[in-house]
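# Inside the fold
In case you want the letters, here they are:
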Amino acid sequence: VLKQVKAMPLAGMRGVRLFVSKPVVEDGKDIDFNLSALRNSVELRLRNVGLEVRAQDDQSKPLYPALDVGVRILRLKGAADGIVVWETRVCVQEGVNLMRDPKVCGLASTWENLSFGTVAESNFDKPVRDQLLDQVDAFLNSYLIANPKK
């Protein structure tokens, strides 16, 4: 039942504007991460279930929700030097109106999946990409619950 409740906001969704964000690193220094490989894998998964995928800046479908895929990183110091803590996030954001005052609108997350972990910075790319893809798969499972094939 909980999976069905979480999936409800995805009912009727036909496509998304895809945002695959560059890792946000606390200290501002870049980290080695293959963003284009992640984006390609996410797009393929979305298209395989029948979702139309638009670029983040594509305004031809302004009512399509945004699927945001990203990671935040904190480099540890001292004895844990070389280790990074990561937070991965996959969420759907879309325009909403308040029920008590429909003239008031804004942007809200209607589906979200967060995860945390640690890894050696030298091995960062694969485990974090795999975790994000697992979270995209969780989104797609919710999408398919809300939009069963007929």
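For the structure given in this document, a descriptive report is provided here. Nothing here was measured: the structure is a model prediction, and the numbers come from that model.

### Things to note about the packing of aromatic side chains
Applying the stated criterion to the full structure yields 2 aromatic pairs. Ring geometry for Phe33 and Phe124: centres 5.6 Å apart, planes at 65°, overall edge-to-face. Of this pair, Phe33 sits in the loop between β2 (24-25) and α2 (35-48) while Phe124 sits in the loop between β6 (105-120) and α3 (125-146), placing them 91 residues apart in sequence. A relative accessible area of 12% places Phe33 in the buried class. In this structure Phe124 comes out as buried when scored by relative accessible area, which is 1%. Aromatic side chains Trp111 and Phe139 sit 5.5 Å apart centroid to centroid with 70° between the ring planes, which places their arrangement in the edge-to-face category. Of this pair, Trp111 sits in strand β6 while Phe139 sits in helix α3, and the two are 28 residues apart along the sequence. The aromatic ring of Trp111 is capped on one face by Lys6, whose charged end is 4.6 Å from the ring centroid.

### Considerations on the nonpolar core
Core analysis: the biggest nonpolar cluster contains 34 residues, and Leu46, Leu67, Val69, Phe124 and Phe139 have the highest contact counts within it. Filtering out sequence-adjacent residues up to four positions away, Leu46 remains in contact with Val16, Leu18, Leu51, Val53, Leu67, Phe139 and Leu140.

### Description of a nonpolar patch on the surface
Together, Leu2, Val5 and Met8 line one region of the surface with nonpolar side chains, adding up to about 350 Å² of accessible area. Mapped onto the secondary structure, Leu2 falls in helix α1 (residues 2-7). Given the relative accessible area of 69%, Leu2 is considered exposed.

### Looking at α2
Here α2 spans 20 Å end to end across 14 residues, near enough to the 20 Å set by a 1.5 Å rise per residue. Where α2 is concerned, the buried positions are Leu38, Val42, Glu43 and Leu46. Down the axis, α2 shows its buried residues gathered within 130° of arc, on one side only. Pointing more than 90 degrees away from the buried face of α2 are the exposed residues Asn40, Leu44 and Asn48. Contacts made by the buried residues of α2 are with β1 (15-20), β3 (52-55), β4 (66-75) and α3. Phi turns positive one or two residues past the end of α2, at Gly50, with a value near 95°.

Definitions and cut-offs
Residues numbered from 1 in each chain as written. Predicted model: local features only at pLDDT ≥ 70, side-chain atom pairs only at ≥ 80, totals over all residues. Heavy atoms only, no water. Phe/Tyr/Trp six-rings, centres within 6.5 Å; stacked < 30°, edge-to-face > 60°. Helix = DSSP H or I, 4+ residues; strand = E, 2+ residues; numbered from the N terminus. Buried < 20%, exposed > 50% of the residue type's maximum accessible area, 1.4 Å probe, protein only. Lys NZ or Arg CZ within 6 Å of the ring centre and 35° of its normal. Core = buried A, V, L, I, M, F, W, Y, C linked by side-chain atoms within 4.5 Å. Contact = heavy atoms within 4.5 Å. Patch = residues over 30% accessible without salt bridge, like charges linked within 9 Å, V, L, I, M, F, W, Y side chains within 5 Å. Areas by Shrake-Rupley, 256 points an atom, 1.4 Å probe, with all protein chains shown as cover. Salt bridge = Lys/Arg side-chain N within 4 Å of Asp/Glu carboxyl O. Expected span 1.5 Å × (residues − 1). Arc of directions from axis to C-beta.

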